[in-house]
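Listed here are the chains, written in short residue letters.
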Amino acid sequence: MIRAYEKEVSWKAGGLAIAVHLALLGGLLISFNWKAAHPVLNVTEVELWDSIPNSTVTPPPPLPVVEPEVKVEPPPKPIEKVPEPPKPVEREDPKVDIALERKKELEQKQKVIEQKKVEEKLKKDKALEQKKQLAALQEETRKDEMRDSDKQISDKKAKDALKKLQQEALADEKTAGDQQALSAKAATNAGVLDEFRNKIQAKIRGNVNKTLCGEGNPELKFDIGLLPTGEISGSPKLVKSSGNEACDEAVERAIIASQPLPLPSDPSLFSQFRNLKLKFRPND
Amino acid sequence: MTVSVANDMSIFSLVAGASLPVQLVMLILMITSLFSWWYIFIKFFTIKRAEADAENFENSFWTGGDLNKLYEGLTAGRRKPQGMASIFEAGFKEYARHKQQSRMEVSDVMEGSRRAMRAAYNRELDDLDAHLPFLASVGSVSPYIGLFGTVWGIMNAFRGLSTVAQATLSQVAPGIAEALVATAIGLFAAIPAVVAYNRFASSVDRLSVRYESFMEEFTNILQRKS
């Protein structure tokens, strides 16, 4: 290892070598700590506040307005369809007696009447719905001004209105032709959206350590970005703190522990989930 | 894929989180680095001392004192003479021994003392050159060892991504940071070793030239004396 004549300096050299390495380690530690101690949350909090009211409150109103318009179209179609059926019947067996033809005509007339009835009913429904929506909108804007936990209620009302519309649309689809498939799909999509939103909330809620949130009913809001795999991209951003840091962290940990989050299997729906704003009331 | 809440990227967590081969590479490199620095300091002190010794000896030699006295002063010391002094000692001892046997030719005496000096010179040079090959090896090989650790770590980091449909930087970044620590250690070991090797090699070259010229000059002096 070392020569005899080097022995007298070997201890000195060894000490210096260790000192050099300790110095390097110290330098690394200082530089790494300096990088790790970046409090990002406090900075981003302000920025994210004003994006919330826009996206949570404004999007729902336009949706219901569009849907009724789609519904008006279908009724005329069935009328066109009605004259068709007799044709193949005439062609196939020409010896049909008049009684049967009359019966058919009667049926046809009845169908037309029924169709008209349906149309009228739809028009009524539409008017009613628009009224409802107007009321809901007004309520929402009123509630929005108060801007508190009441917001959830207005959200719920808006959602209820949406759901009613969806159900009606579904019922309409049964009476009218396949033209309505598109609007129906949108309706079911909205249903699926809600369903998975609830699923995600439920999964995260199951992972929250509620004891950390203490008494009372704190509310917090988190912004999370999702990957198509259900994983969270980056880290969840705390938008509204509960005022209790331990509680905030507990919810954040729960969000991370809940990966992968449940997502609908239809990839076209994923765009709705890319940026999620979630509200939590751990003590509910 | 678990992402820690606090973005803990301290050097300890990076090393502890690395995979076993990467940790092994880091360990090897740390030991190598410790040894190379140890040798660097040993060489630094010994070469500095050899230079100082050569300076002192040349001063006392060229002041024109009695060679016998100089020789006795060297051999009387507790310490075995080193460097230029040991070459002088070997040459003068051989010369004095031949001188006592008066029947020998001058050329034979000169040849004998020259051989003795050459042998002492080779021993001295061997001591001066000690550990330099180690430093050279560390300088050239440890970056590759570090690179191996890094490549291994990055391979692992990307292999972990194969199950994820969409990769984000945060999924790969910790693995790559871990892996890069290996390269950092390798470079930390290599750079000083290369610098030290070059410096010490040139110092040894200069010393050996100094020793050789001293040998020639001393041979001349002995030839004049006999």
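Residues numbered from 1 in each chain as written. Chains lettered and ligands numbered in written order. Predicted model: local features only at pLDDT ≥ 70, side-chain atom pairs only at ≥ 80, totals over all residues.

As a further point, take the overall build of chain A. The number of helices and strands found in chain A is ten helices and three strands. Ordered by position in the sequence, the α and β elements of chain A form the string α-α-α-α-α-α-α-α-α-β-β-α-β. Among the 284 residues that make up chain A, the fraction classed as buried is 17%. A fraction of 74% describes how many contacts in chain A between residues 6 or more apart in sequence connect residues 24 or more apart. (Helix = DSSP H or I, 4+ residues; strand = E, 2+ residues; numbered from the N terminus. Buried ≥ 20, exposed ≤ 12 C-beta atoms within 10 Å, placed from the backbone. Contact = placed C-beta atoms within 7 Å.)

What follows is about the overall build of chain B. A count of helices and strands for chain B gives seven helices and zero strands. Listed by position from the N terminus, the elements making up chain B come as α-α-α-α-α-α-α. A total of 226 residues make up chain B; the buried ones form 32% of that total. For chain B, restricting intrachain contacts to residue pairs at least 6 apart in sequence, the fraction spanning at least 24 positions comes to 81%.

Let us look at unusual backbone geometry. Residues and elements named next belong to chain B. Phi at His131 is positive, roughly 75°, even though this residue is not glycine. Mapped onto the secondary structure, His131 falls in the loop between helix H5 (106–129) and helix H6 (132–161). Its 23 C-beta neighbours within 10 Å are what place His131 among the buried residues.

This part takes up the confidence of the model for chain A. All names here are of chain A. Confidence in the prediction of chain A, expressed as mean pLDDT, is 71, and 64% of residues score 70 or more. Here helix H6 (residues 86–92) is the element of chain A with the lowest mean pLDDT, 48, and helix H10 (residues 245–257) is the one with the highest, 83. Contacts from residues 34–43, a stretch scored under 50 in pLDDT, to residues over four places away or in other chains number six contacts. (pLDDT = per-residue confidence, 0-100.)

Another point: helix H2 (residues 20–62) of chain B. Turn by turn, an α-helix covers 3.6 residues, leaving residues three or four places apart pointing in a common direction. Here H2(B) contains 43 residues, and its C-alpha end-to-end distance of 62 Å stays within 8% of the 63 Å for a straight helix at 1.5 Å per residue. In the segment just after H2(B), B:Gly64 is the residue with positive phi, at about 85°. (Expected span 1.5 Å × (residues − 1).)

Our next topic: the packing of helix H3 (residues 67–76) of chain B against helix H4 (residues 84–100) of chain B. All names here are of chain B. Where H3 meets H4, the axes come as close as 10 Å, and the angle between the chain directions of the two elements is 120°. Every pair of crossing elements has a handedness; the one defined by H3 and H4 is left-handed. The segment H3 lies against H4, with Leu67, Tyr71, Leu74 and Thr75 engaging Ala85, Glu89 and Phe92. The class makeup of the residues in the contact of H3 with H4 is five nonpolar, one polar and one charged. (Axes fitted to C-alpha atoms, helices over the stretch in contact; angles between N-to-C directions. Left-handed = near helix turned anticlockwise from the far one by under 90°. Nonpolar A, V, L, I, M, F, W, Y, C, P; charged D, E, K, R; others polar.)

On to the confidence of the model for chain B, then. All names here are of chain B. Looking at chain B, pLDDT values average 86 and 92% of them are 70 or higher. Looking at the elements of chain B, mean pLDDT is at its lowest for helix H1 (residues 11–17), recorded as 73, and at its highest for H2, recorded as 92. Contacts of residues 1–7 to residues separated by more than four positions or lying in other chains number nine contacts, the stretch itself having pLDDT below 50. What the predictor reports for the complex is a pTM of 0.51 with an ipTM of 0.77.

All names here are of chain B. Relative to the 24 Å expected for 17 residues at 1.5 Å per residue, H4 spans 24 Å between its end C-alpha atoms, a close match to the ideal helical length. Counting buried residues in H4 gives twelve out of 17 residues, a clear majority hidden from the surface. Buried within H4 we find Met84, Ala85, Ser86, Ile87, Phe88, Glu89, Ala90, Gly91, Phe92, Glu94, Tyr95 and His98.

Our focus in this paragraph is the environment of B:Leu74. All names here are of chain B. Examined against the element boundaries, Leu74 turns out to sit in helix H3. Along the chain, Leu74 and Phe88 lie 14 residues apart, while their C-alpha atoms are 9.5 Å from each other. With residues up to four places along the chain from it excluded, the contact list for Leu74 reads Pro81, Ala85 and Glu89.

A word on the environment of A:Ala136. All names here are of chain A. Checked against the element boundaries, Ala136 lands in helix H7 (residues 98–146). Accessibility expressed as a C-beta count within 10 Å gives 20 for Ala136, which makes it buried. For the pair Ala136 and Ala158, spaced 22 residues apart in sequence, the C-alpha to C-alpha distance is 6.2 Å. Ignoring anything within four residues of it in the chain, the contact list for Ala136 reads Lys157, Ala158 and Ala161.

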